[in-house]
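Notes for the structure review
Letter by letter, the chains look like this.
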Amino acid sequence: MNNKNFFHICWQYIQKGWHSFWELWKKNKIQRSARISYHIIWNIMLFFITLAIIGFFFVGGLGAGYFASLVSDEEIQTKEEMSTAIYNYEETSELYFAENQFLADVQTDLQRDEVSLDKVSEFVKKAIIATEDEYFETHNGVVPKAILRAVFQEVTNAQTKTGGSTLTQQIIKNQLLTNEVSFERKAKEMLLALRLEKFFEKDEILEAYLNIVPFGRNASGQNIAGVQTAAQGIFGVNAADLNLAQSAYIAGLPQSPSYYTPFVNNGGLKDQAGLEPGLTKMKTVLSRMLDAGYIDKKQYDEAVNYDIVADFKKPEDSMLEEYPWLVKELKERSIDILTNVLAEQDGYTAEDLASSDVLQEEYQIRAERELGSNGYRIHSTIDKKLYDVFQQVAKSYDNYGRDKLAVNENTNEPIMVENPETGEMEQLGLQPVQVGSILIENSTGRILSFVGGRDFETSQYNHATETRNPNGSTMKPLAAYAPAMELGVVQPGSVVADVAKNFRGYNRPPTNYTGGYYGLVSVREALYKSHNISALQVYDKILDQNPAKLFLDKMGFDGLTEVQGHSDYENLSLTLGSPYNGVTVEENVNAYATFGNMGNFVDAYMIEKIETKDGKVVYEHKGESEEVFSPQTSYLTIDMMRDVLTRGTGTAARATLTNKSVDWAGKTGTSNDFQDTWFVATNPNVTIGTWMGYDYNQQLDSQGYSSRNNIFWGGKLVNAATEVRPELMAPSQSFERPDGIVSRSYCATSGDLPSDVCKDLGLVRTDIYNAKYVPTEKDNSLIRENYVMVGDKAVLASDKTPSEFTKEEGAIFNPEWLKEKGYDKLSNIKQLIPRNASGGWLKLTFPNSGTLKTNGGENPNPPSTLQVSGQTLKWNDSSSSDVVGYRIYRSSSSSDKFQRVGSTTSTSFKVPDNNAVYHIRAVDYSGLESRPSKSVVYGDTKVEEKKKKEEGKSEKETSSSKDVKKEEKKESAKKEDKKQEE
């Protein structure tokens, strides 16, 4: 039987009873019997009244007992405990660009901003009270009538359920209890609500409610809570500026935030059907405000007819979508900082965290939670204008190179990666060339801007701060040249031998990028032309002093490893940019900023300070600088790197600059197999570097890879940044030359002070030096003494060496100097002459590198195959090893006496235009002559016939002599045979 039928039957019985009673009254039967039964009826009524009173107290006692049992385990909270719980709003932390420009909220499940009650529109306050708690101003935390109504509706399963929670109870439910539907939870809610009302004023309770309650979604689809967040997220105004219609709309949201919100979960407005429930609810709220007397009819009519849809914010991307790399980077760095802050508050040190993974994890989790709930204000160093223009450049640049299928280029097998959703391995498709860049202020270490990549959807790696790659030749100034200058081993004018050589750690002599060698070159030239062998020569000189530990560690290269077999502190290849773990763009650029800061390293940073919502600073960056290089070393390195842009490997970068007067100094770099390309440069204000490469270590297109990166650095990033921050990017001043820098001349062959021979040859060069390490010794690499050529080797003449074969007009490398430098052991000593050498270099001769082999005092062998061609005699060299020249002899006939008519160090000689017979004799180092070569006739045929006749006679005599000797041998053999027979 339902409720409706039950009441209908009761009413029928009442009607019948009343009819019977009236009939009896009209017959006076009731009046007569009344007096008789009065005492009886009264006694009966008194019994039932007493019984009802006893029942009421019994039922009340039972209810009170049940209520007490429900809340028996609930601890009584103090005012302080309740205050802590109530005002724990889990407010969203905020990220800021430099200069306090808002960037975004730290990404959490719910966005919330706190606001005080005096900054909330009165319309909102009244709308909330009229909608959620009409007795708010008078109740003590609960409204019994409302509770009974709610209980009755629950028991009778009524279709309309108005609920019985006051604003105070809703606060308790959201902040102290759960959303569980049970009588126990409801009983605790009522008890705590009564207690809360005892401790707090109505305004305090209303303020807490307005900061706690959810309000649906904002225009970017993010879940929001708190009236200030709702006002900004839905209408783009502050809570204090909400008008009546807007206030009514917001006040209607808490009862069903996702149903009434105007925005879809991925941002943007719902369609008309989706908006209708929220608009209807707004009108209901306005009606209740009218009924409660909070507004008059005119205000009501105006608000009902107000075009609220026009006030909704336009669809917008979340800041995470607009600044994905930046928001992610700032969040991660903030967590790292707060991890240390929280640990320090508990008495732990940074060393304690570093030594305990468990402790590190514990405080990292705490830091992440606090970041999502404590409403921190995180102020970064990022310049918004610079950052925005960097992203535009990276997106619009059209010369990165081609996309490549992700294939292992050694095995030609496809690269497979795990799908995070399915867990299955999948083949990667086409991969673009990625890019990373960062801009750092030299003096402070502030990171002003960076490029994390080309498209966050394609690759979420931050290629400026996260990925590690070999840094190629950009490591040379950092690991070799600057440290060697600081240690006094080399200076810009020092000369190194770029030649084939066995280096420790290499199985065979390494080569330069071009495959050849560059000979004797200055350190300056070696740097700006990026010679590999020269850098190895310099690094090899200082490796035993552990330059990686002395210098690279101080400049923030955290990835250097000491793993056995791969120690970056022992491998020569480190200076060619091959650290085992690679380096980040941030590390590389930060190290170059050391030069820009005149040798002082300042660790780069991105978080300026972190403060609470109340303005209390919990962290503030305090920069410290450490001297790595002296100002003199830094300036010398800068001066050499200037040449990289003006006449070295970085000319393409400078050529694209709109302001070429800026004092830039930098270095290019390429890793093995063309997998990475770099350019890093510094000016007196800032340092900026760029990297390009694939995510999966594939080879860049070899044609133009370096110029593409150089153009991106200069023609795009630097030029664009200069337009928005000219005072920063284009300082008018140059690097200041410190005291202690002097200019000196040196000899290009040795780097020592020029000798007279060096000057005569035109091999004097000039460069700048640290005054502490100027050259002090005079060059002894060159000598001007008599020498002879033995083959292709020069040998100093002895007192027995014929002067006709000695040379005096040129110069020779000093054999003692070559031996001292170890150059005498080179497989090809001619490698010492620079590539494309000219002038005095071509007049230099190399001495014999070993002991001269002689004939042991015997005469040398004569030359062979003498012949005449036209007017020129030609012959082949003597087979003796110490021949220094040849003498030419002439006679009018073979029978006449021969006279010397000339000498030469070559194997040809032009003779006079007349008839004669010639032969040649070889002359050795000691002046001994060989037998004459065969003669050759030049000129009149009579002479030729006479020569032949004489040659025939000589042959006949020779033949006769041979016959006699043959007969003698036969006779001797016969006698020997006869002897044996006997």
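Owing to the predicted nature of the structure, the values given are computational and were not obtained by experimental measurement.

Comments concerning the overall build of the protein chain
Counting its regular elements, the protein chain contains 30 helices and 37 strands. Within the protein chain, the proportion of its 982 residues that are buried is 48%. Across the protein chain, the fraction of contacts at a sequence separation of at least 24, relative to all contacts at a separation of at least 6, is 68%. Just so you have it, the protein chain exposes about 50100 Å², and 48% of that area is on carbon and sulfur atoms.

Topic: the state of the cysteines
Tallied over the entire structure, the rule returns 1 disulfide. Linked covalently through their sulfurs, Cys747 and Cys758 form a disulfide whose S-S length is 2.3 Å. The chirality of the disulfide connecting Cys747 with Cys758 is right-handed, given an S-S dihedral of about 105 degrees. Pair noted here: Cys747 is in strand S24 (residues 741–747) and Cys758 is in helix H28 (residues 756–761), with a separation of 11 residues, a long-range link. On the accessibility criterion, Cys758 (0% relative accessible area) is buried.

What to know about the pattern of salt bridges
Here the structure, examined in full by the defined rule, presents 34 salt bridges. Here Arg446 and Glu608 are joined by a salt bridge, their closest N and O atoms 3.8 Å apart. In this pair, Arg446 is assigned in the loop between strand S13 (434–441) and strand S14 (447–451) and Glu608 in strand S18 (residues 607–611), connecting sequence segments 162 residues apart. What makes Glu608 partly exposed here is its relative accessible area of 27%. Here the residues in one salt-bridge network are Arg524, Asp639, Arg642, Asp643, Arg647, Asp663 and Asp767, joined through shared partners.

What about the packing of aromatic side chains?
A full pass over the atoms with the stated rule returns 25 aromatic pairs. Here the aromatic rings of Tyr513 and Phe674 are separated by 6.1 Å at their centres, their planes lie at 90 degrees, and the arrangement is edge-to-face. On the criterion of sequence distance, the pair formed by Tyr513 in the loop between strand S15 (495–498) and strand S16 (519–522) and Phe674 in the loop between strand S21 (665–670) and strand S22 (676–682) is long-range, its members being 161 residues apart. Overall, Tyr513 belongs to the exposed group, its relative accessible area being 59%. Taken together, the aromatic side chains of Phe97, Tyr323, Tyr387 and Phe450 make up a single cluster linked through ring pairs.

As for the sheet that holds strand S34 (residues 899–904)
Judged by pairing direction, the sheet is antiparallel, and its 4 strands sit side by side in the order S34-S33-S36-S37 without closing on themselves. Whereas interior strands pair on both sides, the edge strands pair on one side only; in this sheet they are S34 and strand S37 (936–938). Along the sheet, successive strands turn relative to each other by an average axial angle of 35 degrees, direction set aside. The sheet contact formed by strand S33 (residues 883–891) and S34 spans 5 bridges and is antiparallel.

Quick look at helix H24 (residues 631–647)
An ideal rise of 1.5 Å per residue puts 24 Å on 17 residues; H24 measures up with 24 Å between its terminal C-alpha atoms. Along H24, 14 of the 17 residues are buried, which leaves the element largely enclosed by surrounding structure.

Focus: a negative patch on the surface
A cluster of acidic side chains, namely Glu137, Glu201, Asp203 and Glu204, defines a negative patch on the protein surface. Residue position: Asp203 is located in helix H8 (residues 202–212).

Looking at the sheet that holds strand S29 (residues 811–813)
Pairing within the open sheet is mixed, and its 3 strands lie in the order S26-S29-S30. The open sheet has two free edges, formed respectively by strand S26 (782–783) and strand S30 (844–845), since each of these has just one partner strand. Note: S29 against S30, 2 bridges, orientation parallel. When the sheet's bridge partners are listed, Ile812 is paired in S30 with Thr845.

Considering the nonpolar core
In terms of nonpolar packing, the biggest core is built from 125 residues, with Leu326, Leu552, Met555 and Trp664 touching the most fellow members. Considering every element that reaches this core, the biggest residue donor is helix H15 (residues 324–345), with 10 residues. Of all hydrophobic cores here, the second largest spans 57 residues; its members include Ile205, Ile212, Leu244 and Ile308.

Remarks on the environment of Phe263
Considering the arrangement of structural elements, one finds Phe263 in the loop between helix H11 (257–260) and helix H12 (272–291). A relative accessible area of 0% places Phe263 in the buried class. Once you skip the residues sitting within four places of it in the chain, Phe263 turns out to touch Arg217, Asn218, Ala219, Gly233, Ile234, Gly268, Leu269, Lys270, Phe312 and Lys313.

Structural notes on the packing of helix H6 (residues 167–175) against H8
Orientation of H6 relative to H8, taken along the N-to-C sense of each, is 50 degrees, at an axis distance of 10 Å. When the axis of H6 is compared with that of H8, the two are oblique. Considering only the axes of H6 and H8, their crossing is left-handed. Residues Leu167, Thr168, Gln170, Ile171, Asn174 and Gln175 of H6 form the contact with H8, whose participating residues are Ile205, Leu206, Ala208, Tyr209 and Ile212. Partitioning the contact of H6 with H8 into residue classes produces 7 nonpolar, 4 polar and no charged.

Comments concerning the packing of helix H9 (residues 227–235) against helix H10 (residues 244–252)
For the pair H9 and H10, the least separation of the axes is 11 Å and the interaxial angle reads 115 degrees. Considering the relative orientation of H9 and H10, their crossing is right-handed. Here Val227, Ala230, Ala231 and Phe235 of H9 come into contact with H10, specifically with Gln246, Tyr249 and Ile250.

Things to note about the side chain of Asp767
Along the chain, the position of Asp767 falls in strand S25 (residues 764–770). Overall, the relative accessible area of 7% leaves Asp767 in the buried class. At 2.6 Å, the side chain of Asp767 forms a polar contact with the side chain of Arg524. Contacts of Asp767, omitting those with residues within four sequence positions, involve Pro492, Gly493, Arg524, Val742, Ser743, Arg744 and Tyr746.

Some remarks on the confidence of the model for the protein chain
Low pLDDT marks regions whose predicted coordinates should not be analysed in detail. Mean pLDDT over the protein chain: 85, with 83% of residues reaching 70 or higher. A low-confidence stretch, residues 178–182 stays under pLDDT 50, and its non-local contacts, those more than four residues away or across chains, total 4 contacts. Scored below 50 in pLDDT, residues 976–982 makes 0 contacts in the model with residues more than four places away or belonging to other chains.

Quick notes on the environment of Val451
For Val451, the location among the structural elements is in strand S14. Note on Val451: relative accessible area 0%, which makes it buried. Taking the C-alpha atoms as reference, Val451 lies 6.4 Å from Gln391; in sequence the two are 60 residues apart. Here Val451 is in contact with Phe390, Gln391, Ala394, Val435, Gly436, Ser437, Ala464 and Leu717, once residues within four sequence places are set aside.

Each value, and the rule that gives it
- Residues numbered from 1 in each chain as written.
- Predicted model: local features only at pLDDT ≥ 70, side-chain atom pairs only at ≥ 80, totals over all residues.
- Heavy atoms only, no water.
- Helix = DSSP H or I, 4+ residues; strand = E, 2+ residues; numbered from the N terminus.
- Buried < 20%, exposed > 50% of the residue type's maximum accessible area, 1.4 Å probe, protein only.
- Contact = heavy atoms within 4.5 Å.
- Areas by Shrake-Rupley, 256 points an atom, 1.4 Å probe, with all protein chains shown as cover.
- Disulfide = S-S within 2.5 Å.
- Salt bridge = Lys/Arg side-chain N within 4 Å of Asp/Glu carboxyl O.
- Phe/Tyr/Trp six-rings, centres within 6.5 Å; stacked < 30°, edge-to-face > 60°.
- Pairing = 2+ DSSP bridges.
- Axes fitted to C-alpha atoms, helices over the stretch in contact; angles between N-to-C directions.
- Expected span 1.5 Å × (residues − 1).
- Patch = residues over 30% accessible without salt bridge, like charges linked within 9 Å, V, L, I, M, F, W, Y side chains within 5 Å.
- Lys, Arg positive; Asp, Glu negative; His and termini not counted.
- Charge placed at Lys NZ, Arg CZ, Asp CG, Glu CD.
- Core = buried A, V, L, I, M, F, W, Y, C linked by side-chain atoms within 4.5 Å.
- Parallel < 35°, antiparallel > 145°, perpendicular 65-115°, else oblique.
- Left-handed = near helix turned anticlockwise from the far one by under 90°.
- Nonpolar A, V, L, I, M, F, W, Y, C, P; charged D, E, K, R; others polar.
- Polar contact = N/O pair within 3.5 Å; in protein donor to acceptor, adjacent residues only side chain to side chain.
- pLDDT = per-residue confidence, 0-100.

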